[in-house]
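# Coordinate analysis (summary)
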Amino acid sequence: MRIGRALRVAADELAEVLWPTRCVGCEQPGELLCEECRAGLPWIEQRLACPVCGAPFGFLACTECGGGTTRTPDPSLAWPARATVAALGFSGTPARVVTALKDAHELRLSPVMAAIMLTALEEASAWPAADGAPRFSPGETDAVCFVPATSAAYVRRGFDHMELVSSELAREAGLQLADVLVRRAARDQRELGRSERAANLAGTVRVAGDVSGARLLLVDDVATTGASLAEATRALRARGAASVTACVLARVW
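The residue numbering used here restarts from 1 in each chain and proceeds along that chain's sequence as written. Reporting of local features is limited, given that this is a predicted model, to residues whose pLDDT is at least 70; pairs of side-chain atoms are given and counted only at 80 or more, and all residues count toward the totals for whole chains, interfaces and linings. Heavy atoms throughout the structure, all of them, feed into the side-chain values; hydrogens and water do not.

Turning our eyes to something else, we now look at the side chain of aspartate 220. The topology assignment puts aspartate 220 in strand S6 (residues 215–223). Exposed residues in this analysis have more than 50% of their type's maximum accessible area, buried residues have under 20%, and partly exposed residues fall in between, with area computed by a 1.4 Å probe over protein chains only. Neither His nor the chain termini are counted; the positive set is Lys and Arg, and the negative set is Asp and Glu. A side-chain nitrogen of Lys or Arg and a carboxyl oxygen of Asp or Glu constitute a salt bridge if their distance falls within 4 Å. Arginine 183 is the oppositely charged side chain nearest to the buried, salt-bridge-free aspartate 220, at an N-O distance of 5.7 Å. Contacts between residues were defined by any pair of non-hydrogen atoms, one from each residue, lying within 4.5 Å. The residues touching aspartate 220, leaving out its near neighbours within four places in the chain, are Met117, Val147, Met162, Ser228, Leu229, Cys247, Val248 and Leu249. Put simply, DSSP H or I for four residues or longer makes a helix, DSSP E for two residues or longer makes a strand, and each gets a number counted from the N terminus.

Once that is clear, we can look at the pattern of salt bridges. What the rule picks out here adds up to 11 salt bridges. A salt bridge links arginine 82 to aspartate 131, with the nearest nitrogen and oxygen atoms 3.1 Å apart. Taken together, the residues arginine 82 in the loop between helix H2 (35–39) and strand S1 (83–89) and aspartate 131 in the loop between helix H4 (110–124) and strand S2 (143–146) connect sequence positions 49 residues apart. If you follow the salt bridges from partner to partner, you end up with Glu140, Asp142 and Arg215 in one network.

By the alternation rule, side chains of S2 split into Ala143 and Cys145 and Val144 and Phe146, which are all buried. Where S2 meets strand S3 (residues 176–177), two bridges bridge the pair, whose relative direction is parallel. Each residue of the ladder has a partner; that of alanine 143, found in S3, is glutamine 176. The pairing of S2 with S6 spans four bridges and is classified as parallel. Its bridge partner lying in S6, cysteine 145 is registered against leucine 218. Note on pairing: DSSP must find at least two bridges between two strands before they are called paired.

In this section: the sheet that holds S2. Strand order across the open sheet formed by five strands is S1-S7-S6-S2-S3, with parallel pairing between neighbours. Since the sheet does not close on itself, it has two edges, and those belong to S1 and S3, each with one partner. A fitted line through C-alpha atoms represents every axis, and for helices the fit uses only the stretch in contact; the resulting angles, taken between N-to-C directions, go from 0 to 180 degrees. Helix H3 (residues 93–102) contacts S1, S6 and strand S7 (243–251) of the sheet and is inclined by roughly 100 degrees relative to S6. Contacting S1, S6 and S7, H4 runs over the sheet at an angle of about 125 degrees to S1.

Dropping the structure here:
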């Protein structure tokens, strides 16, 4: 046991010499996310954020989802989770953090992402969702689940990045991890509009576990139109989940 631990330490030290750690935000050597880049993160102020979709400054009237005083029945704007908490705006460093974890295999970023999301959840716990209850309450949450990667993405990367992040988040929050969602492939979403994204993902998520009566925190890396979160939420609610609250690292708006 001691020999194995010593070998792992030696391997880590050698790797640091050969491939020194650089900041994801500015590429300066030393830390994964340096002090300057941490200070410059584009935090979303939760008291001003839309309680429905998490968009910045959407608390009173959200132009992104129709929340607040301008709610609209347009189905393409639907965010069925009871609340959505977004930690950061999706630009600059947050975008590079997501890419570095997913595509550059910098797995050490998973606890960093989890810590950022937990910080936003803690702040959001002081502000009401549309139902009047706190947007997040660990005491009113039974488990953490996550929007999974498709099988093709898992094979390509060799891991599911949101499984890593949600495991860290659940552990730090003192909650159980519920790996209950399965996702099949769909067309690439990047060139699709809001309504096209929703149609493209319809029926692509299923639940492979018992979630009856569960109060769940659903996590993902980035929300753009909310189509992935919406489809996962609908699948969970259809299988009997009592409530679904969503949380993402970053929000596009």
